[in-house]
Amino acid sequence: MLVQLEQYKHEEVQFDDNRTTGESQTADSIERESEEYFGEDIEEFDVETWETVEYEGDPIQRRDVTIDGVTAVSVPQRSNKDDDSALPGKTIQVRLEGGIETFEQAEIVEVQDENPNE
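Right, let's walk through the structure included here.

How each quantity is defined
- Residues numbered from 1 in each chain as written.
- Predicted model: local features only at pLDDT ≥ 70, side-chain atom pairs only at ≥ 80, totals over all residues.
- Heavy atoms only, no water.
- Helix = DSSP H or I, 4+ residues; strand = E, 2+ residues; numbered from the N terminus.
- Buried < 20%, exposed > 50% of the residue type's maximum accessible area, 1.4 Å probe, protein only.
- Contact = heavy atoms within 4.5 Å.
- Areas by Shrake-Rupley, 256 points an atom, 1.4 Å probe, with all protein chains shown as cover.
- Core = buried A, V, L, I, M, F, W, Y, C linked by side-chain atoms within 4.5 Å.
- Salt bridge = Lys/Arg side-chain N within 4 Å of Asp/Glu carboxyl O.
- Patch = residues over 30% accessible without salt bridge, like charges linked within 9 Å, V, L, I, M, F, W, Y side chains within 5 Å.
- Lys, Arg positive; Asp, Glu negative; His and termini not counted.
- Charge placed at Lys NZ, Arg CZ, Asp CG, Glu CD.
- Pairing = 2+ DSSP bridges.

## Some words on the overall build of the chain
Helix and strand counts for the chain stand at two helices and seven strands. Mapped from its N terminus to its C terminus, the chain presents α and β elements in the order β-α-α-β-β-β-β-β-β. Residues counted as buried form 29% of the 118 residues belonging to the chain. Sequence-distant contacts in the chain: of pairs separated by 6 or more residues, those separated by 24 or more amount to 58%. Surface summary for the chain: the accessible area is close to 7,800 Å², and the carbon and sulfur share equals 38%.

So this is what it looks like as structure tokens:
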């Protein structure tokens, strides 16, 4: 299956009153290894850079994550202790052949079975 998520986090840079929603972050805040975001290398994921959006009057960061080869998607019934109620989304788990990946503060945009007849 092909899964598309939106993931959210708080801004990591000092907020400047001159910045506007949608303005990109500095290169040092977005150009990090995937291991810093997820705890392991995830080169098979199609991940966009973080962009600043407004949520309930505050600037937060959002990015799109597209994952191919997913065998199952789940939203744990119990909230993850790391879930931040000040951000949209909740913990989403995706199962791949290599194991289970967890995305905190994420929302499902689309799940698509590329081979529905199989």
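## Quick notes on the nonpolar core
One finds Val-3, Leu-5, Val-65, Ile-67, Val-70, Ile-92, Val-94, Leu-96, Phe-103 and Ala-106 forming the largest nonpolar core, which totals ten residues. Where this core is concerned, the elements lending two or more residues are β1 (2-10), β4 (58-68), β6 (90-96) and β7 (99-112). Of all the elements, β6 adds the most residues to this core, at three residues.

## Some remarks on the pattern of salt bridges
For the structure shown, the criterion picks out one salt bridge. Two residues, Arg-62 and Glu-51, come together in a salt bridge whose shortest N-O distance is 2.9 Å. Of this pair, Arg-62 sits in strand β4 while Glu-51 sits in strand β3 (residues 51-55), and the two are eleven residues apart along the sequence. Take Arg-62: its relative accessible area is 22%, and that puts it in the partly exposed class. A relative accessible area of 32% places Glu-51 in the partly exposed class.

## Some points on a negative patch on the surface
Residues Asp-68, Asp-113, Glu-114 and Glu-118 make up a contiguous surface patch of negative charge. When you line up the elements, Glu-114 lands in the segment after β7. On the basis of relative accessible area, Glu-114 is assigned to the partly exposed category, the value being 43%.

## Topic: the pairing of β1
Bridge analysis of β1 against β4 gives nine bridges, and the strand direction is antiparallel. Residue pairing across strands places Leu-5 opposite Val-65, the latter belonging to β4.

## So, the pairing of β6
For a regular strand, side chains alternate in direction, first toward one face of the sheet and then toward the other. Bridge count between strand β5 (residues 72-74) and β6: three bridges; the pairing is antiparallel. Bridging across to β6, Val-73 finds its partner in Val-94. Sheet analysis places β6 next to β7, joined by six bridges and oriented antiparallel. When the bridges of β7 are listed, Val-94 appears paired with Glu-101. In textbook terms, the turn of a hairpin is the stretch between consecutive antiparallel strands, and for β6 and β7 this stretch comprises two residues.

## Some thoughts on a nonpolar patch on the surface
Side chains of Val-75, Ile-108 and Val-111 sit close together on the surface and give an oily, nonpolar patch of about 210 Å² of accessible area. Mapped onto the elements, Val-111 comes out in strand β7. A residue is classified by how much of its surface remains accessible, and Val-111, at 39% relative accessible area, is partly exposed.

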